Amino acid sequence: MGTLPRSTVRYAASTLLAALALTGCSPSAPPPAAGAETPAPSPSSLAQICTSLVSYWAKETLLGTKWSGLDWEQKGLSNDQYAIHEEAVAAGRVEERTAGQGKALELIDRLVAQRCAEQNGATWSSENWRPPA
C-alpha cells in the first residue's frame, strides 16, 4: 500500500475543513420545545448554597438512602453546617413520627433555610471538626 500524493492529502483536508465549517454554521440540534422548562438558576448567596447542601443531605439521611451514611466531610459540610444537618434530621424524625414523612421533609427545608440564613451560610468552621453538642 503506497502513500497518497501531498496534493491529494491537502485537497482532502481542505474539503474536510470546509465541510466542518459549513455544518458548524447551521443549526444541528432541534429547537427547544415550546414551554420547555429552563433549569433554575443556581444558588448564589452563602445562605442559599448552605440551604441547598444541608437540606439535601438532611432529607437523604431521613429517607435512609444509599449515600446518607457518608460523613460530614464526604457530604461537603462545614462543622456548623453539620450541626444544622443534625438538628434538622432530629427535628425531622420527630415530625415524621407525628405528622408523616412529607411534613418532616417540609420541616427540614424550613429549619435548614432559617439556620443557614442566621449563620450566613455557616461556612467558616471547616477545620478542627468537633461533634455537635
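You'll find the structure just up there.
Because the structure is predicted, anything quoted here is derived from the model rather than measured.

Cut-offs applied
Residues numbered from 1 in each chain as written. Predicted model: local features only at pLDDT ≥ 70, side-chain atom pairs only at ≥ 80, totals over all residues. Heavy atoms only, no water. Helix = DSSP H or I, 4+ residues; strand = E, 2+ residues; numbered from the N terminus. Buried < 20%, exposed > 50% of the residue type's maximum accessible area, 1.4 Å probe, protein only. Core = buried A, V, L, I, M, F, W, Y, C linked by side-chain atoms within 4.5 Å. Contact = heavy atoms within 4.5 Å. Polar contact = N/O pair within 3.5 Å; in protein donor to acceptor, adjacent residues only side chain to side chain. Expected span 1.5 Å × (residues − 1). Salt bridge = Lys/Arg side-chain N within 4 Å of Asp/Glu carboxyl O.

A.B. asks: Help me understand the overall build of the protein chain, please; the structure alone is not making it clear to me.
C.D. replies: Across its full length, the protein chain holds 4 helices and 0 strands. Counting from the amino terminus, the protein chain carries its helices and strands in the arrangement α-α-α-α. The burial tally for the protein chain puts 26% of its 133 residues in the buried class.

A.B. asks: Help me understand the nonpolar core in this model?
C.D. replies: The nonpolar side chains of a soluble globular protein tend to be buried, and buried together. One finds C50, V54, I84, A88, I108, V112 and C116 to be the most contacted residues of the largest nonpolar core, which totals 18 residues. Take this core: its biggest share by element is 6 residues, from helix 4 (residues 101–118). In this structure, V112 is in contact with C50, T51, V54, S55, I84 and A88, ignoring residues within four places of it in sequence.

A.B. asks: When you look at the side chain of K75 in this model, what are you seeing that I'm missing?
C.D. replies: Considering the arrangement of structural elements, one finds K75 in the loop between helix 2 (46–63) and helix 3 (79–99). A polar side-chain atom of K75 sits 3.5 Å from the main-chain carbonyl oxygen of L70. Contacts of K75, omitting those with residues within four sequence positions, involve L53, W57, T61, W67, S68, L70 and H85.

A.B. asks: Would you mind going over helix 3 with me for this structure?
C.D. replies: Turn by turn, an α-helix covers 3.6 residues, leaving residues three or four places apart pointing in a common direction. With 21 residues, helix 3 ought to run about 30 Å at 1.5 Å a step, and its terminal C-alpha atoms sit 29 Å apart, in line with that. All of the buried residues in helix 3 are N79, D80, Q81, Y82, I84, H85, A88, V89 and G92. Downstream of helix 3 by a residue or two, G100 has a phi angle that is positive, lying close to 105 degrees.

A.B. asks: Would you take a moment to explain the pattern of salt bridges for this structure?
C.D. replies: A side chain of one charge can pair with a side chain of the opposite charge if their charged atoms are brought near each other. Summed over the entire model, instances satisfying the criterion amount to 4 salt bridges. The closest approach of N and O atoms between K59 and D109, which form a salt bridge, is 3.0 Å. With K59 in helix 2 and D109 in helix 4, this residue pair connects regions lying 50 residues apart in the sequence. Its relative accessible area of 23% is what places K59 among the partly exposed residues. Looking at D109, the relative accessible area reads 33%, which means it is partly exposed. A salt bridge links K103 to E106, with the shortest nitrogen-to-oxygen separation between them at 3.8 Å. Taken together, the residues span about one helical turn, with K103 and E106 both in helix 4 at a distance of 3 residues. Judged by relative accessible area, which is 42%, K103 ranks as partly exposed. Judged by relative accessible area, which is 40%, E106 ranks as partly exposed. A cluster of three or more residues bridged by salt bridges with shared partners is formed by E87, R115 and E118.

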